[in-house]
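# Coordinates in review
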Amino acid sequence: MGSSNFLGGHSRKHKVTIVGSGNWGSTIAKIIAENTREHTDVFEENVQMWVYEEDVTIPKESKHYNESTADTPQKLTEVINKYHENVKYLPGVALPPNIVANPSLNDAVQNSTILIFNLPHQFIRKVCEGIRGEIMPFARGISCIKGVNVTDDGISLFSEWIGDDLGIYCGALSGANIASEIAQEKWSETTIAYDPPPMDSRAPTPRNASPNPDAAGEIPEIQHLDARGRKSKTKLTPLPIEYPPLDHNCFRMLFHRPYFHVQMVSDVAGVSLGGALKNIVALAAGFVDGRGWGDNAKAAIMRIGLMEMVKFGKEFFSETVRTGTFTESSAGVADLITSSSGGRNFRCARKAVEKGVSVQDVEREDLNGQKLQGTSTAHEVNSFLKARGLEAEYPLFTAVDGILRGEKKVDDIPALVSDT
Ligand SMILES: NC(=O)c1ccc[n+]([C@@H]2O[C@H](COP(=O)([O-])OP(=O)(O)OC[C@H]3O[C@@H](n4cnc5c(N)ncnc54)[C@H](O)[C@@H]3O)[C@@H](O)[C@H]2O)c1
Ligand SMILES: O=P(O)(O)OC[C@H](O)CO
C-alpha cells in the first residue's frame, strides 16, 4: 500500500484524530479513513474517532438490527468498533474498519499531528478544555464546525478560537455538504481554507516529539498572522522535519475522494463565516416554504441572505475576507443553496411553521440527538449586532431571530426585509 510518493524521505507519519462522531463527524471519518488506507506512507492507517459515549440500541435501518436484541442498550463505541457502523448518527452506512472509536478524548488525541474538529459548536469549549496541554505542540487542526463564537468582546471563528485555545494553527472546511448524501458517496464539492506559516516542515525535532530526545534542540516558536491578518496571540511550534509537510497538498490528499472534491483556499474567515451564517438563512427559507410561499420567495430569501453574509464578512473581517469566497466557492453560495433546499435547519423550520410548533420542538422530536446550529447562531449573531446598534442593517438575520423568539411572524418577513 502507499500510493503517494511526493513526500518521500520523511521518517514519521501523521496520525489523525477526528474529534466528534455525529452525522458529519462520522462521514468525515469515513472519508479520511479511506484516504489514510491509500496513503500509508504519509498517514498512519488507523484513524482515531472520539465518541461522546452513550448507550444505544440498534435501529431497524442497520443491517445489524436483530429483533431479539433490539431493546438491549450497548455502548456506542463498542457498537462502532464491532459492526463498523455508527448506528445512532449515521445508520446504514458501512465505515472503514480502520476507524477506531474511542470514548476517551485524551487518549484519542495522544500523539496526533492532525486534529479534525467536527462536533456541534455548543460542545467545542468543553472539548478544548479537556485537551488543552495534552496534544502535540506542533499539531495542526481543521475545523468542520459551522458556527461562530460570540463573546462580550466580539465575534470569532471556531478555527481562530480552537487555534488560540490549544496553541496550534487551525484551518476550516465547509461546503455544500449534506452528510447523508456524501456518506452514500454521491458526488459533492467542499472548500478547505488553510493558511499556515510557510516553514511548517523546516524545524529540528522538539524534545517532546523526538524518538531520540538527545538529538533535539531548542525550537523557536513562530509568530503568524491570524484569519484577520493580525499578529496571532498564539506562537506556533514548528512541525518537525521528520514529518511530511502539512500543506495544501497534504490536506487535499487527506480529504479528496472521487465523490468528494476538495478546493483548497486561504480565506479561513470567509469559509468559516459562510458555513455559520448560511444556517440562519436556511431557517428563513424553511419558514417561507412552510408558509407555502413557493420557490420565488425562497429565492428572494437566498438572495437577501447572501448579501447579508457578504456584508457581515466585509464589516467584521474586512482585512482578509474575500467576497469571492461567498459568491464562488462551495462554502458560500453552494452551501446556501443546498442548506436552503434540504438541510436540517431548513427542514425543521419548515415543519415548525407547518405544524405551528417551535423549531426546537421539531429538533428534539425528529433529529434523534443531532443538533441544529442555525438557532443558536441566529441568537448569537443577533446579540452581537444588537450590542453594536446594527440590527436594522441585517434585516433578514434580525427577522429570523425575532421569529425564533416568537416576537415576529413569518408573515412579517417581506416588510422587514423590503429595504434591502
Ligand atoms: N450533518 C451534516 O449534514 C453536516 C454537514 C456539514 C457540516 N456540519 C456541521 O458539522 C458540525 C457537527 O455536526 P454533526 O452533524 O456531526 O453533529 P450532529 O448534529 O449529528 O450532533 C450530534 C453529535 O453531538 C454529540 N454530543 C451530544 N452531546 C454532547 C456533549 N455533551 N458533548 C460533546 N458531544 C456531544 C453526539 O455524540 C453526536 O456525535 C456542526 O457544526 C454542523 O453544522 C454538519
Ligand atoms: O443539515 P444542516 O442544516 O445542519 O446543514 C448541513 C450542511 O451544513 C449543509 O452543507
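Cut-off values and rules
- Residues numbered from 1 in each chain as written.
- Chains lettered and ligands numbered in written order.
- Predicted model: local features only at pLDDT ≥ 70, side-chain atom pairs only at ≥ 80, totals over all residues.
- Heavy atoms only, no water.
- Near = heavy atom within 4 Å.
- Polar contact = N/O pair within 3.5 Å; in protein donor to acceptor, adjacent residues only side chain to side chain.
- Areas by Shrake-Rupley, 256 points an atom, 1.4 Å probe, with all protein chains shown as cover.
- Helix = DSSP H or I, 4+ residues; strand = E, 2+ residues; numbered from the N terminus.
- Expected span 1.5 Å × (residues − 1).
- Buried < 20%, exposed > 50% of the residue type's maximum accessible area, 1.4 Å probe, protein only.
- Nonpolar A, V, L, I, M, F, W, Y, C, P; charged D, E, K, R; others polar.
- Domains from an automatic or database assignment.
- Contact = heavy atoms within 4.5 Å.
- Phe/Tyr/Trp six-rings, centres within 6.5 Å; stacked < 30°, edge-to-face > 60°.
- Lys NZ or Arg CZ within 6 Å of the ring centre and 35° of its normal.
- 1 Å grid on protein atoms, 1.4 Å probe; cavity = no way out; pocket = protein on both sides within 12 Å on 5 of 7 lines; lining within 4 Å.
- Points joined across faces, edges and corners; volume = space filled by probe spheres on them.
- Buried area = accessible area lost by both parts, 1.4 Å probe.
- Salt bridge = Lys/Arg side-chain N within 4 Å of Asp/Glu carboxyl O.
- Core = buried A, V, L, I, M, F, W, Y, C linked by side-chain atoms within 4.5 Å.

## Brief notes about the site of ligand 1
By nearness alone, 24 residues border ligand 1, and K146, N177, A179, K371 and Q373 come closest of all. Residue K146 places a main-chain N or O atom 2.9 Å away from an oxygen atom belonging to ligand 1. Here an oxygen atom of ligand 1 sits 3.0 Å away from a polar atom, N or O, in the side chain of R344. Look at ligand 1: alone it shows 840 Å² of surface, and the protein chains cover 90% of it. Tallying contributions element by element places helix α1 (residues 23-38) first for the shell around ligand 1, with three residues.

## Describing helix α8 (residues 268-290)
Taking 1.5 Å per residue, 23 residues should reach 33 Å; α8 reaches 34 Å between its end C-alpha atoms and fits that length. For α8, a buried count of 22 out of 23 residues is recorded, marking the element as mostly surrounded by other parts of the structure.

## Examining the site of ligand 2
Taken together, K146, G175, A176, N177, I178, K278, D335, T338, S339, G343, R344 and N345 are the residues near ligand 2. D335 places a polar side-chain atom, nitrogen or oxygen, 2.6 Å from an oxygen atom of ligand 2. At 2.6 Å from an oxygen atom of ligand 2 is found a main-chain nitrogen or oxygen belonging to R344. A total of 310 Å² of accessible area belongs to ligand 2 in isolation, and the protein chains cover 92% of it. Of all the elements in the fold, those that place two or more residues in the shell around ligand 2 are α11 (330-342) and α12 (344-355). Looking at side-chain class alone, the shell around ligand 2 contains two nonpolar, six polar and four charged residues. Composition of the shell around ligand 2 by domain shows at least three residues from each of domain 1 (4-266) and domain 2 (270-416).

## Section: the environment of T375
Locating T375 in the fold gives a position in helix α14 (residues 374-387). Residues T375 and T327, spaced 48 residues apart in sequence, show a C-alpha to C-alpha distance of 24 Å. The contacts of T375, once residues within four sequence positions are left out, are L283, N345, V359, Q360 and L404.

## Digging into the packing of aromatic side chains
One pass over the structure, following the stated rule, counts eleven aromatic pairs. A network of ring pairs unites the aromatic residues F312, F316, F384, Y394 and F397 as a single cluster. When the ring centre of Y394 is taken as origin, the NZ or CZ atom of K311, which lies over that ring, is 5.3 Å away.

## Points about empty space enclosed by the protein
Per the stated rule, a full pass over the model turns up one cavity of 30 Å³ or more. By volume, the largest cavity is sized at about 50 Å³. As for the largest cavity, its lining consists of S143, I145, G147, F158, S159, A172, L173, S174 and S272. Per-element tally for the lining of the largest cavity: the top contributor is strand β10 (residues 169-174), with three residues. Among the residues making up the lining of the largest cavity, the classes are represented as four nonpolar, five polar and no charged.

## Let's talk about the domain arrangement of the protein chain
How big an interface is tends to be reported as the loss of accessible area on association of its parts. Looking at the protein chain, the domain boundaries give domain 1 (4-266) and domain 2 (270-416). Across the contact, 35 residues belong to domain 1 and 34 residues belong to domain 2. Across the interface of domain 1 and domain 2, roughly 2500 Å² is buried in total on both sides, 61% from carbon and sulfur atoms. For the pair domain 1 and domain 2, the interface holds one salt bridge. Where domain 1 packs against domain 2, one counts ten residue pairs in polar contact (both at pLDDT 80 or more). Those elements that provide at least two residues to the side of domain 1 that touches domain 2 are β8 (148-151), β9 (154-157), α5 (158-166), β10, β11 (188-193) and β14 (260-265).

## Some points on the nonpolar core
Residues I28, I116, F117, F255, F312 and F397 are the most contacted members of the largest nonpolar core, which totals 130 residues. Among the elements that take part in this core, α8 stands out by supplying 14 residues, more than any other. Two domains each provide a minimum of three residues to this core, namely domain 1 (4-266) and domain 2 (270-416). When neighbours within four sequence positions are excluded, F312 is seen to be in contact with I155, L273, L277, F317, V381, F384, L385, Y394 and F397.

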